[in-house]
Structure formats: structure tokens, C-alpha cells
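Below are the chains, spelled out letter by letter.
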Amino acid sequence: MKTFEGKLAAQGRKFGIIVGRFNDFIGKELLSGATDCLLRHGASESDIEVVWVPGSFEIPMTANILAQSGKFDGILCLGVLIRGNTPHFDFIAAEASKGIGQVGISTGVATTYGIITADTIEQAIERAGTKAGNKGWQAAMATIEMVDLLKQIS
Ligand code: RBF
């Protein structure tokens, strides 16, 4: 039996990070967790590019451009969606998750989802480096693993 799993080593790998500016006081913490994770697993600062976009809705189209550029082994998508009193949350969350998934499928570039979808600001803060960990860090771990795995199986 042959088994494949990605190694958690980021040396020599190139990463694009997209961050939504909406709720950026929390988004900055996701970015900090993600870059910390990449660097501590061997990535070089010069191999990481960060692209800020207005909000989560703009993340998939930007991820698509980065993936098609051929410059990156992995793409991390970070954003913070907080539910309000109107249905915008569900529309944007659906577009972002579907779009990001589609970029990975259509380009073959490891593209990961690090968008917090929370009912309250408190829930979002909990997931950005406090009680419930840092979803930016977790997305970075998944990206490192997937980059290595996709290289092995493709
Ligand atoms: N973008 C986010 O990343 N998080 C949000 O919580 C968020 N809330 C929004 C609420 C409304 C009513 C609107 C219209 C936009 C919101 N956006 C949010 C911005 C959205 O992702 C996008 O940047 C803008 O709609 C421009 O296309």
C-alpha cells in the first residue's frame, strides 16, 4: 500500500496571501498568525507576497489571478465576515467559499480557506489568536501541507 501525506516543510516554497480589509483589526491578526506559521516552518520572507483587497467578496477573483500567475505554490485566503442584520453575510460567505474552492480546482494550485464567519465580533476575535486559536495560522498549516501533497501526487 502506498500512502501520501504532505510534509509540514515550507522551505523554498512561494506563498501568496490575500487578506480582506473589512474588519481588518481582526484580519491583521489572521495575517500575523499565517506569516508566523509560514516562517516558522521554513519559508523565507522574500517568498511571501501579501495582497490586501476590500473585502471577502473580492478574495476569489484575486486568488484566481495569483494562482494563474504561476508565481506561487500556495495561496492563503484570509478574511473576517461578521453577521449583521441583513442577509449580506450569507451571500458573501457563499461566494467566497465557493469561489476559493473553484480556484483550487480549476488551477491546481493549493488554495486554502482562512475566512472567519462569525455571528459576533467576540466570536471572530476568539478565532484570531485568542480562545479558539488563530485561523490564519491553521490556514497556513493546511497550505504548507497541501503544497507538499500536491507536488507528490501530481
Ligand atoms: N466584507 C467582509 O470581508 N466582511 C464583512 O463582514 C463584510 N460585510 C459587508 C456588509 C455589507 C452590507 C456589504 C455591502 C459588504 C460587506 N463586506 C464585507 C464587503 C464585501 O466583501 C465587498 O468588499 C464589498 O461588497 C464590495 O464588493
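The present account deals with the structure reproduced in this document. In this text the structure is predicted, and so the values were computed from the model without any measurement.

Moving on: the sheet that holds strand β1 (residues 15-20). The strand order β2-β1-β3-β4 describes an open sheet built from 4 strands, whose pairing is parallel. The outermost strands of the open sheet, each flanked by one partner alone, are β2 (48-53) and β4 (110-118). Direction aside, neighbouring strands of the sheet carry axes that sit 15° apart on average. Pairing of β1 with strand β3 (residues 74-82) involves 5 bridges; the strand directions are parallel. Pairing of Ile18 across the sheet is with Cys77, part of β3.

Glancing now at a nonpolar patch on the surface. Taken together, the side chains of Phe25, Ile121 and Ile125 make up a nonpolar region of the molecular surface, amounting to roughly 270 Å² of accessible area. Considering the arrangement of structural elements, one finds Ile121 in helix α4 (residues 121-126). On the basis of relative accessibility, which here comes to 40%, the residue Ile121 falls in the partly exposed class.

Lining the immediate surroundings of the ligand are Phe22, Asn23, Pro54, Gly55, Ser56, Phe57, Glu58, Val80, Leu81, Ile82, His88 and Ile92. In the model, an oxygen atom of the ligand is placed 3.3 Å from a nitrogen or oxygen of the Asn23 side chain. Within the contact set of the ligand, a nitrogen atom lies 2.8 Å away from a backbone nitrogen or oxygen of Val80. Coverage of the ligand by the protein chains reaches 67% of its 540 Å² of free accessible surface. Where the shell around the ligand is concerned, the elements lending two or more residues are β3 and α3 (88-107).

Right, let's talk about the side chain of Thr112 for a bit. If you trace the backbone, Thr112 turns up in strand β4. The class of Thr112 is buried, set by a relative accessible area of 9%. There is a polar contact of 3.5 Å between the side chain of Thr112 and the backbone oxygen of Ala139.

With the rule as written, the count across this model stands at 12 salt bridges. Its salt-bridge partner being Asp73, residue Lys151 comes within 3.0 Å of it at the nearest N-O pair. On the criterion of sequence distance, the pair formed by Lys151 in helix α5 (residues 135-153) and Asp73 in the loop between α2 (59-69) and β3 is long-range, its members being 78 residues apart. Judged by its relative accessible area of 45%, Lys151 falls in the partly exposed class. Classification of Asp73 as partly exposed rests on a relative accessible area of 22%. Notably, a salt bridge pairs Glu126 with Arg127, separated by 3.6 Å at the nearest N-O pair. Since its relative accessible area comes to 24%, Glu126 is described here as partly exposed. Several salt bridges converge on common partners, so that one network encompasses Lys7, Arg13 and Asp148.

The rules behind the values
Residues numbered from 1 in each chain as written. Predicted model: local features only at pLDDT ≥ 70, side-chain atom pairs only at ≥ 80, totals over all residues. Heavy atoms only, no water. Pairing = 2+ DSSP bridges. Helix = DSSP H or I, 4+ residues; strand = E, 2+ residues; numbered from the N terminus. Axes fitted to C-alpha atoms, helices over the stretch in contact; angles between N-to-C directions. Patch = residues over 30% accessible without salt bridge, like charges linked within 9 Å, V, L, I, M, F, W, Y side chains within 5 Å. Areas by Shrake-Rupley, 256 points an atom, 1.4 Å probe, with all protein chains shown as cover. Salt bridge = Lys/Arg side-chain N within 4 Å of Asp/Glu carboxyl O. Buried < 20%, exposed > 50% of the residue type's maximum accessible area, 1.4 Å probe, protein only. Near = heavy atom within 4 Å. Polar contact = N/O pair within 3.5 Å; in protein donor to acceptor, adjacent residues only side chain to side chain.

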